[in-house]
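Read off the chains here:
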Amino acid sequence: MRSILLALLAVPAFAAEPVVFVSAFASGEKAGIHAFGFDSEAGTLKPLKRTTGIQSPFFIAISPDKRFLYSIDEFGGKDNYVAAFAIEGRGGDLRPLNRQNTRGTASCFVEVDPTGKSVLIANYSSGDVTSFPVKNDGSLGVAASFFQHSGSSADPERQKGPNAHCFIISPDAKHALACDLGIDKVMIYTLDAASAKLTPHATQPFTKLTPGSGPRHLTFHPGGKLVYVINELANTITVFDWTAAAGTLKEKQTIATLPKDFTGKSYTADLKITPDGKHLYGTNRGHDSLASYRIAPDGTLTLLTIQPSGGKGPQNLLITPDGRWLLCANMPGNNVVVFQIDSASGSLTAKGDSVEVPMASCIRWME
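Peer 1: Help me understand the environment of Gly161 in this model?
Peer 2: Relative to the assigned elements, Gly161 resides in the loop between strand 11 (145-148) and strand 12 (164-169). Gly161 gets classed as buried once you look at its relative accessible area, which sits at 18%. Taking the C-alpha atoms as reference points, Gly161 and Asp298, 137 residues apart in sequence, are found 35 Å from one another.

Peer 1: What should I look at first to understand the confidence of the model for the protein chain in this one?
Peer 2: Parts of the model with low pLDDT should not have their predicted coordinates read in detail. With 96% of its residues at a pLDDT of 70 or more, the protein chain shows a mean pLDDT of 95. At the low end of the mean pLDDT range in the protein chain sits helix 1 (residues 2-10), at 36; at the high end sits strand 18 (residues 226-231), at 99. For the stretch residues 1-14, pLDDT sits under 50, and the model shows zero contacts to residues farther than four places along the chain or on other chains.

Peer 1: Mind showing me how you'd approach the sheet that holds strand 17 (residues 215-220) here?
Peer 2: Strand pairing in a sheet relies on backbone hydrogen bonds. The paired strands run either parallel or antiparallel. The antiparallel open sheet is built from four strands, whose spatial order is 17-18-19-20. The strands lining the two open edges of the sheet, one partner per strand, are strand 17 and strand 20 (248-256). The average angle at which neighbouring strand axes cross in this sheet is 25°, direction not considered. Here strand 19 (residues 236-243) runs beside strand 20; their pairing, made up of eight bridges, is antiparallel. Considered in strand 20, the bridge of Phe240 is made with Glu251.

Peer 1: Hey, could you run me through the nonpolar core in this one?
Peer 2: Here is a general trend for soluble globular proteins: nonpolar side chains tend to be buried in one another's company. Ranked by internal contacts, the top residues of the largest apolar core, which has 67 residues, are Phe21, Tyr70 and Leu218. In terms of nonpolar packing, the next biggest core, distinct from the first, is built from 17 residues, Ala24, Phe36, Leu327 and Val338 among them.

Peer 1: Help me out: how do you make sense of the layout of surface pockets in this one?
Peer 2: Vacant regions in the atomic arrangement are exposed by a probe of water-molecule size rolled over the atoms. Size it by volume and the largest pocket reaches roughly 1,200 Å³. Lining the largest pocket we find 36 residues, and of these Glu111, Ile168, Thr219, Lys272 and Arg364 sit closest to its centre. When residues of the lining of the largest pocket are traced back to their parent elements, those giving at least two are strand 4 (60-62), strand 8 (107-112), strand 12, strand 17, strand 21 (267-273), strand 25 (314-319) and strand 30 (360-366). Of the residues that constitute the lining of the largest pocket, the class distribution is 22 nonpolar, eight polar and six charged.

Peer 1: Would you mind showing me how to read unusual backbone geometry here?
Peer 2: Residues other than glycine predominantly adopt negative phi, and peptide bonds predominantly adopt the trans conformation. One non-glycine residue with positive phi stands out, namely Ala173, at about 65°. Relative to the assigned elements, Ala173 resides in the loop between strand 12 and strand 13 (175-180). At Asn334, a position not held by glycine, the phi torsion is positive, near 60°. As for its position among the elements, Asn334 is in the loop between strand 26 (325-330) and strand 27 (335-341).

Thresholds, definitions, all that
- Residues numbered from 1 in each chain as written.
- Predicted model: local features only at pLDDT ≥ 70, side-chain atom pairs only at ≥ 80, totals over all residues.
- Heavy atoms only, no water.
- Helix = DSSP H or I, 4+ residues; strand = E, 2+ residues; numbered from the N terminus.
- Buried < 20%, exposed > 50% of the residue type's maximum accessible area, 1.4 Å probe, protein only.
- pLDDT = per-residue confidence, 0-100.
- Contact = heavy atoms within 4.5 Å.
- Pairing = 2+ DSSP bridges.
- Axes fitted to C-alpha atoms, helices over the stretch in contact; angles between N-to-C directions.
- Core = buried A, V, L, I, M, F, W, Y, C linked by side-chain atoms within 4.5 Å.
- 1 Å grid on protein atoms, 1.4 Å probe; cavity = no way out; pocket = protein on both sides within 12 Å on 5 of 7 lines; lining within 4 Å.
- Points joined across faces, edges and corners; volume = space filled by probe spheres on them.
- Nonpolar A, V, L, I, M, F, W, Y, C, P; charged D, E, K, R; others polar.

Listed below in structure tokens is the structure:
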């Protein structure tokens, strides 16, 4: 018996496949959050589960301890919500906890801070941001902070007023940066993660971009000293130096995402950086492509290639923690495409068939 037990203990334990959650930005029966198992060797997605009972879940986020998922619910209309779910097991099952009114309209972004204590929301149409404390059971408390943005900018069609489009928390959880497309500003807030309280930065409450830029999404470099902003209207990426201790930004470069000879209409959406900090990728909707860049030691970008995204309207990207794979959600294309990343050159190679997801809008990873 003892020898049998020792033999069983010697058998290697195989870890469960990572789970990839993809939100379907749809209404009615097509709405939901899809869960897939990801084969990290083959680069393939296997359907696991679809959670329904949630409407137009434009954006989702996962807590750092991988126990909870937060999603926009009922995007658009008069009342928008952020919903909290418990992640149960490794099969992609989500158990509803509660939801809170976002206090804005067209709620388009949700973020969890690195401590798991705060959830932040950007509201596009109403041009404001909200923060919520996270309770011990993962559910959301009542709003802790709310700030209305104001102003306008150069584009008479798209910049008549504020349009908060993302709200990203710094790696040290001490600041939060909100891209506001309508006023060409990145708003800077101080964050008390434990209470989810936000305060406008005392010395640099915002940084202004070139009029007509339309800042949409931003990301921090893994090194912690750079911030990259992708501009929807100008089809550019702007590089900033980030001083973490002070919570301040200083612009250093702006570079195009489209070919010089392109004359059609296109709008950027998302950008992501490889874990080694050497390559950055951005999406072009209209041109329907992915722009690849090399990141220099000083943080500046050099364009490498612009290639098809494998579907219409590339909306959101995810790069796996090992830096080997890039997943692209093509929202009007109704699919998710997996690309293999060459770590040396940064080049992308589409891997296998795409996976169908109606109005695929946001991708999140659970190891």
